[in-house]
Amino acid sequence: MRSAFYLLDSAPYGSEKAFGIINAAAVSLGRMEVTLGLYGDGAYLALANQNSKGLGVPNLADILYVYGELRVLAHEFSVVKRGLFEEELIEMVELADEGDFLEAIEDSDCLILL
Amino acid sequence: MKTLTIILADGPYISEYAQIAYKIADAALKRYHVNIFLYLDAVHMPREGQNPSFFANEGELFADLTERGAVIRACSRCAAARGYFANEDGSCKDYYDGPKISSLYDLPEMLSKSDKVICLCR
């Protein structure tokens, strides 16, 4: 396998899944081409100005910025459906329509969903 | 020989994924080198002393797979967070023999050498 698509469809902070998938994607960088896809509630990870101090956990968007070479795609329809389209998103996120999102999955050698 | 990697991330008994993974690995071992990577709550699966009332003992299933050549690794960060700590050789006193605790970096290592990847997570 030379590429992996990590798919997150859970909201950040509600479980360990978002943190886990970011870590898994991050350690895969350098070994393979990596895309992190934000789908459904995973789209909330794309929001800028997250403040997780009250939860006592790291700001997951800040962790994404550490891995600038990571390609992060947010499923546009998921973003729109959650009323996030007018909100500020983190800079490194690319919005992808249905076709582009699916194409990115198809172009990857494996799909990993946590 | 081709390589199959199975990724699990849910805890034991909350779903049938561990048993499904066992059946897939059991069949695949005839033709594939099989890796299983245990991530997040799945690091509980090899715990010794399980006594489920209605299901097969998942720890024993995984120990059986390692006896037959499968490589089973658990994420060290996830394991430590849940109270499992590795000995120098990666074994864990709380685990059945076979599965080992190792770095998350083993995941991309496994993926990069795999011909097929199956991710079983809810």
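Residues numbered from 1 in each chain as written. Chains lettered and ligands numbered in written order. Predicted model: local features only at pLDDT ≥ 70, side-chain atom pairs only at ≥ 80, totals over all residues.

Visitor: Would you mind showing me how to read the overall build of chain B here?
Guide: When helices and strands are tallied, chain B shows four helices and five strands. Starting at the N terminus and walking to the C terminus, you meet the elements of chain B as β-α-β-α-β-α-β-α-β. A compact globule built from 122 residues should have a C-alpha radius of gyration of about 14 Å, and chain B, at 13 Å, falls within 12% of that. Reported as C-alpha extents along the three principal axes, the dimensions of chain B are approximately 35 × 35 × 25 Å. Out of the 122 residues in chain B, the part that is buried amounts to 45%. Within chain B, counting contacts between residues at least 6 apart in sequence, those at least 24 apart form 75% of the total. (Helix = DSSP H or I, 4+ residues; strand = E, 2+ residues; numbered from the N terminus. Rg over C-alpha atoms; globule rule 2.2 N^0.38 Å. Buried ≥ 20, exposed ≤ 12 C-beta atoms within 10 Å, placed from the backbone. Contact = placed C-beta atoms within 7 Å.)

Visitor: How do you make sense of helix α1 (residues 17–28) of chain B when you look at a structure like this?
Guide: All names here are of chain B. Under the 1.5 Å per step criterion, the end-to-end length of α1 is 16 Å for 12 residues, consistent within 8% with the ideal 16 Å. Regarding α1, the residues found buried are Y17, A18, A21, Y22 and A25. Down the axis of α1, the buried set is contained in an arc of 140°. They therefore lie on one face. With respect to the buried face of α1, the exposed residues turned more than 90 degrees away are K23 and A27. Where the residues of α1 are buried, they touch β1 (2–8), β2 (32–38), α2 (58–67) and β5 (116–120). (Expected span 1.5 Å × (residues − 1). Arc of directions from axis to C-beta.)

Visitor: It is not clear to me how helix α1 (residues 17–28) of chain A should be interpreted in this structure. Could you clarify?
Guide: An α-helical turn contains 3.6 residues, so any two residues separated by three or four positions project in the same direction. Residues and elements named next belong to chain A. The terminal C-alpha atoms of α1 lie 16 Å apart, and with 12 residues this matches the ideal 16 Å at 1.5 Å per residue to within 8%. Extensive coverage of α1 is indicated by the burial of nine of its 12 residues. Among the residues making up α1, those that are buried are K17, A18, G20, I21, I22, A24, A25, A26 and S28. Phi turns positive one or two residues past the end of α1, at G30, with a value near 95°.

Visitor: In this structure, what is going on with the interface of chain A and chain B? I would like to understand it.
Guide: Accessible area lost when the parts come together is the quantity often used to give the size of an interface. Facing the 15 residues of chain A at the interface are 14 residues of chain B. Looking at the side of chain A that touches chain B, the elements that each hand over two or more residues are α1 and β5 (110–113) of chain A. Of the residues assigned to the side of chain A that touches chain B, the class counts are 10 nonpolar, three polar and two charged. (Nonpolar A, V, L, I, M, F, W, Y, C, P; charged D, E, K, R; others polar.)

Visitor: What is the right way to read unusual backbone geometry from this model?
Guide: Among all residues except glycine, the phi angle is most often negative; among peptide bonds, the trans geometry is most common. Residue and element names in this part refer to chain B. Backbone geometry places Y13, a non-glycine residue, at a positive phi of 75°. When you line up the elements, Y13 lands in the loop between β1 and α1. The class for Y13 is partly exposed, based on 17 C-beta atoms found within 10 Å. One non-glycine residue, L40, adopts positive backbone phi at about 50°. For L40, the location among the structural elements is in the loop between β2 and α2. Look at L40 and you get buried, because 24 C-beta atoms sit within 10 Å.

Visitor: Just checking my understanding: could you explain the nonpolar core for this structure?
Guide: It is characteristic of soluble globular proteins that their nonpolar side chains tend to be buried jointly. With 71 residues, the main nonpolar core has Y6(A), L38(A), L8(B), I36(B), L38(B) and Y39(B) as its most contacted residues. With six residues, the single largest contributor to this core is α1(A). Aside from chain neighbours lying at most four places away, what touches L38(B) is L8(B), V43(B), M45(B), I72(B), R73(B), A74(B) and C75(B). (Core = buried A, V, L, I, M, F, W, Y, C linked by C-beta atoms within 7 Å.)

Visitor: How should I be thinking about the sheet that holds β1(B) in this particular structure?
Guide: Through backbone hydrogen bonds, the strands of a sheet pair up, either in parallel or in antiparallel fashion. Residue and element names in this part refer to chain B. Pairing within the open sheet is parallel, and its five strands lie in the order β4-β3-β2-β1-β5. Bordering the open sheet on either side are β4 (100–102) and β5, each of which pairs with just one other strand. When the angles between neighbouring strand axes are averaged without regard to direction, this sheet yields 25°. The pairing of β1 with β2 spans seven bridges and is parallel. What sits directly across from L4, in β2, is V34. The strands touched by α1 within the sheet are β1, β2 and β5, with β1 carrying the most contacts at an inclination of about 175°. (Pairing = 2+ DSSP bridges. Axes fitted to C-alpha atoms, helices over the stretch in contact; angles between N-to-C directions.)

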